[in-house]
Amino acid sequence: MTRFDGPILILVFCLSQALRDVYFAHVFQGDGFFTVVALAFSLAAAAFLALSAWLTRGELLRIWRHGRLVLWMNLTTALAWSCYFVGLKYVEPSVVNTIHSGMGPLTALALGAIGGSLVDRVRVGAIERAAYVGIALSILALWVIVLSGASGLGVEDRRQTLTGLAVLFCSGASITISLLLSKKLHDAGFGSITVTAVRYLALVAVATVLALGESRSASSSLAHAGLISISGLALIVAPTFVLQMGVARTPALLAQVVRSLGPVFVFALELVDGRVIFSRPVLFAILVYSVSAIAATLARRFQPAP
């Protein structure tokens, strides 16, 4: 192991998320929505259930004692990914990634302000507050850019585009709550394999039922379905383990800084998609988000003790 292994693994995670967003944004243009969602997560759920039954069977049996936590983690995970994929269907991938990512710290900040069991109350300094304002302004700017037709994808149907933007608030907030719930399961002694094994059950079940009513125009090729399933495992679930390995080998501050650059990777990669053209306003808003997210991380890291 070298001192560069951790940052490299986090960069691999960021690249995988860029591949995920560009790939699935393309897939949604020709396939039924719920069909894609069901296929993307079914193999991952089955694989981790089998892996948990083999390696962590005791944990898999015990985790159902925390049924309420598991249920809410499932529901928030299902809501988050469903909304995220709706966003990818109608909005430029880098915009989707940025708004989704930006809602994470804003949701945690809101939860900390109102109190509760998920997030501890913390003191937020002036610099950190300014950074959160920067994140919020970057999200607002992206709304204006997209709705004005200045993004790399343009606007074909304003109502669909508005829907795609709106659900990203829900996706970012829901995945943040889902991760906080999963942390409670980790704190209760359950490992990543077991938690992942039970995370996507509701999403797969609901998407499978709804997929049965979709139009037959959705792709039915067995090879195509297999590709989507493998892509879901390789680009959605497996990278979380890469991220965990990277974070374990990287100072927390550096890890957060590298992750804040994720939307920039998406922006660069989406330009290979023939649907998306280069947009300076979108790039500027993404850079504002990344700088603000890094500033918030630095402010929290070096904030003096109360």
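Cut-off values and rules
- Residues numbered from 1 in each chain as written.
- Predicted model: local features only at pLDDT ≥ 70, side-chain atom pairs only at ≥ 80, totals over all residues.
- Heavy atoms only, no water.
- Helix = DSSP H or I, 4+ residues; strand = E, 2+ residues; numbered from the N terminus.
- Buried < 20%, exposed > 50% of the residue type's maximum accessible area, 1.4 Å probe, protein only.
- Contact = heavy atoms within 4.5 Å.
- 1 Å grid on protein atoms, 1.4 Å probe; cavity = no way out; pocket = protein on both sides within 12 Å on 5 of 7 lines; lining within 4 Å.
- Points joined across faces, edges and corners; volume = space filled by probe spheres on them.
- Nonpolar A, V, L, I, M, F, W, Y, C, P; charged D, E, K, R; others polar.
- Salt bridge = Lys/Arg side-chain N within 4 Å of Asp/Glu carboxyl O.
- Patch = residues over 30% accessible without salt bridge, like charges linked within 9 Å, V, L, I, M, F, W, Y side chains within 5 Å.
- Areas by Shrake-Rupley, 256 points an atom, 1.4 Å probe, with all protein chains shown as cover.
- Polar contact = N/O pair within 3.5 Å; in protein donor to acceptor, adjacent residues only side chain to side chain.
- Axes fitted to C-alpha atoms, helices over the stretch in contact; angles between N-to-C directions.
- Parallel < 35°, antiparallel > 145°, perpendicular 65-115°, else oblique.
- Left-handed = near helix turned anticlockwise from the far one by under 90°.

Asks: Please clarify how the overall build of the protein should be interpreted in this entry.
Replies: Scanning the protein from terminus to terminus reveals 13 helices and zero strands. Ordered by position in the sequence, the α and β elements of the protein form the string α-α-α-α-α-α-α-α-α-α-α-α-α. Split into buried and exposed, the 306 residues of the protein put 47% on the buried side. Contacts spanning at least 24 positions in sequence make up 85% of the contacts within the protein whose residues lie at least 6 apart.

Asks: Explanation requested: the layout of surface pockets in the structure shown.
Replies: With a probe scaled to a water molecule rolled over the atoms, the places where space remains empty come into view. Put simply, the second largest pocket is a space of about 240 Å³. Lining the second largest pocket are Gln 29, Lys 89, Tyr 90, Leu 153, Gly 154, Glu 156, Asp 157, Gln 160, Thr 161 and Arg 275. Secondary-structure elements contributing two or more residues to the lining of the second largest pocket are helix 4 (67-90) and helix 7 (158-187). Taken together, the residues of the lining of the second largest pocket sort by class into two nonpolar, four polar and four charged.

Asks: How should I be thinking about the pattern of salt bridges in this particular structure?
Replies: Here the idea is simple: oppositely charged side chains can pair when their charged atoms come close. For the structure on display, the rule yields two salt bridges. Linking Arg 20 and Asp 21 is a salt bridge whose minimum nitrogen-to-oxygen distance equals 2.8 Å. Grouping residues by exposure puts Arg 20 and Asp 21 together as buried.

Asks: What exactly am I supposed to notice about a nonpolar patch on the surface here?
Replies: On the surface, Val 133, Leu 137, Leu 140 and Val 144 cluster together into a nonpolar patch covering about 370 Å² of accessible area. One can find Leu 140 in helix 6 (residues 126-147).

Asks: Could you clarify how one ought to interpret the side chain of Thr 194 in this entry?
Replies: Positionally, Thr 194 belongs in helix 8 (residues 192-199). A distance of 2.9 Å separates polar atoms of two side chains, one belonging to Thr 194 and the other to Thr 56. A polar atom in the side chain of Thr 194 sits 2.7 Å from the side chain of Glu 59. The contact partners of Thr 194, leaving out residues within four places of it in the chain, are Ser 52, Thr 56, Glu 59, Leu 60 and Ile 63.

Asks: Help me understand the packing of helix 1 (residues 5-27) against helix 12 (residues 262-270), please; the structure alone is not making it clear to me.
Replies: Here helix 1 crosses helix 12 at 45 degrees, and the two axes come no closer than 8 Å. Considering their axes alone, helix 1 and helix 12 lie oblique with respect to each other. Relative to helix 12, the crossing made by helix 1 is right-handed. The segment helix 1 lies against helix 12, with Leu 11, Cys 14, Ala 18, Leu 19, Asp 21 and Val 22 engaging Gly 262, Phe 265, Val 266, Leu 269 and Glu 270. Its residues assigned to classes, the contact of helix 1 with helix 12 shows eight nonpolar, one polar and two charged.

None of this, on its own, says anything about what the molecule does.
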